[in-house]
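Secondary and tertiary structure notes
Single-letter residue listing:
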Amino acid sequence: MPDTKFYNAKGNDHKMSTVGVVLKKANYAAIATIISVALGILFWLLTFYFSPTPLPDYIKMYGMPFTVTTVMLGSAIAVLTGTNTSLIIYRKNMTGSLGFKKGGTSSACSAFTGAVASGCPVCTMPLLGIFGLGGALALFPLQGLELKAAAIVVLVVSLYYTAKNVKITCKI
């Protein structure tokens, strides 16, 4: 996001992003951290603990590059979701409403996409089946990493619109 000028109560000139301003507040940074860690743990459990293939077998089956990519994308989803949620809570606390125009739908969609893509691709099949996409996973050349990449794109777009909405509405 481009840098934007903000003024504090003393009138000093600061250059920070909206996300940076919100996350500098300890309680919102804590919210983002707790949600990110919780989703990271959920991702780990769904991928390596509750699945039929524990981590050593997962590495043997898919290889180290795929495993590292899976963990990195899952971590990015967790961090982006935590940050996004923190901004939404900040806006709710500052204005008393969640009245998003552009950001609300993308925030809800990004949270759902992140949750669906957080686990292993095989674990995601029942959820995709609800939308008639159960067999579509077999067509993906990267064995489901496309879902994680799509979730990250949706989360980044959502974060952009949410931050823009928070900046305008809360007059940061």
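As a starting point, this report considers the structure included with it. In this text the structure is predicted, and so the values were computed from the model without any measurement.

The rules we used
Residue indices begin from 1 for each chain and proceed along its sequence in written order. The predicted nature of this model means local features are confined to residues of pLDDT at least 70 and side-chain atom pairs, given and counted, to a pLDDT of 80 or more, with totals for whole chains, interfaces and linings taken over all residues. No hydrogens and no water enter the side-chain calculation; it runs on all heavy atoms of the structure. Helix and strand definitions here come from DSSP, where helices need a minimum of 4 consecutive H or I residues and strands a minimum of 2 consecutive E residues; each element is numbered from the N-terminal end. For the exposure calls, accessible area comes from a 1.4 Å probe over protein chains only, and a residue counts as buried if that area is under 20% of its type's maximum, exposed if over 50%, partly exposed in between. By the convention used here, residues are in contact when the closest approach between their heavy atoms is within 4.5 Å. Working rule for helices: expected span equals 1.5 Å times residues minus one. Interaxial angles span 0 to 180 degrees and are taken between N-to-C directions of axes, which are lines fitted to C-alpha atoms, for helices over the stretch in contact. Helix crossings get a hand from a simple test, with the near helix turned counterclockwise from the far one by less than a right angle marking a left-handed crossing and a clockwise turn marking a right-handed one. Any residue that is not Ala, Val, Leu, Ile, Met, Phe, Trp, Tyr, Cys, Pro, Asp, Glu, Lys or Arg is counted as polar, Gly included; the first ten are nonpolar and the last four charged. Each patch groups residues whose relative accessible area exceeds 30% and which form no salt bridge, using 9 Å between like charges and 5 Å between nonpolar side chains of Val, Leu, Ile, Met, Phe, Trp and Tyr. For accessible areas, the Shrake-Rupley method is used with a probe of radius 1.4 Å. Any residue's cover is judged against the shown protein chains and nothing else. We define a salt bridge as a contact between a side-chain nitrogen of Lys or Arg and a carboxyl oxygen of Asp or Glu at a distance within 4 Å. As used here, the term nonpolar core means buried Ala, Val, Leu, Ile, Met, Phe, Trp, Tyr and Cys residues forming a set that is joined through side-chain atoms within 4.5 Å. Only rings of Phe, Tyr and Trp enter the pairing, Trp through its six-membered ring, and a pair is recorded when the two centres are within 6.5 Å. The plane angle decides the type: under 30 degrees is stacked, over 60 is edge-to-face, the rest tilted. Orientation is classified from the angle alone, with under 35 degrees giving roughly parallel, over 145 giving roughly antiparallel, 65 to 115 giving roughly perpendicular, and any other angle giving oblique.

1. Notes on the overall build of the protein
When you go through the protein residue by residue, the secondary structure sums to seven helices and two strands. Along its sequence from the N terminus, the protein presents helices and strands in the succession β-β-α-α-α-α-α-α-α. Here the protein holds 172 residues, and 36% of them are scored as buried. Long-range pairs, those at least 24 residues apart, make up 65% of the contacts in the protein with a sequence separation of at least 6.

2. A few points about helix α2 (residues 26-49)
The first and last C-alpha atoms of α2 sit 32 Å apart over 24 residues, in line with the 34 Å expected at 1.5 Å per residue. Within α2 the residues assigned to the buried category are Tyr28, Ala32, Ser36, Phe43, Thr47 and Phe48.

3. Here we look at helix α4 (residues 64-95)
End to end, α4 covers 47 Å across 32 residues, agreeing with the expected 46 Å (1.5 Å per residue, within 8%). Looking at the residues trailing α4, positive phi occurs at Gly96, about 85°.

4. A look at the packing of α2 against α4
With their axes 8 Å apart at the nearest point, α2 and α4 run at an angle of 145° to one another. By crossing handedness, the relation of α2 to α4 is classed as right-handed. For the contact of α2 with α4, the class distribution of residues is 13 nonpolar, twelve polar and no charged.

5. A closer look at the side chain of Thr83
Positionally, Thr83 belongs in helix α4. Not counting chain neighbours up to four residues away, the residues in contact with Thr83 comprise Val19, Leu23, Ala32 and Leu159.

6. Comments concerning a nonpolar patch on the surface
A cluster of nonpolar side chains, namely Met64, Val68 and Met72, defines an oily patch on the protein surface of about 290 Å² accessible area. Within the fold, Met72 resides in helix α4.

7. Focus on the nonpolar core
Counting residues in each nonpolar core, the largest one holds 18 residues, and the members touching the most others are Val22 and Leu87. Sorting the residues of this core by element identifies α1 (18-23), α2, α4 and α7 (145-170) as the ones contributing at least two each. In terms of residues, this core owes the most to one element, α7, which gives seven residues. Once residues within four sequence positions are removed from consideration, Leu87 is found in contact with Val19, Val22, Leu159, Thr162, Ala163 and Val166.

8. Considerations on the packing of aromatic side chains
Applying the stated criterion to the full structure yields eight aromatic pairs. Geometrically, the ring pair formed by Tyr160 and Tyr161 is edge-to-face, given 5.2 Å between the ring centres and 75° between the ring planes. Taken together, Phe43, Trp44, Phe48, Tyr58, Tyr62 and Phe66 form an aromatic cluster joined through their ring pairs.

9. Notes on the packing of helix α3 (residues 55-62) against α4
Taken N-terminus to C-terminus, the directions of α3 and α4 make an angle of 120°; their axes are 7 Å apart at the nearest point. It follows from the interaxial angle that α3 and α4 lie oblique. In this structure, α3 uses Leu55, Tyr58, Ile59 and Tyr62 to contact α4, whose residues at the interface are Met64, Phe66, Thr67 and Thr70. Its residues placed into classes, the contact of α3 with α4 shows six nonpolar, two polar and no charged.

Everything listed is a geometric property; what it means functionally is a separate question.
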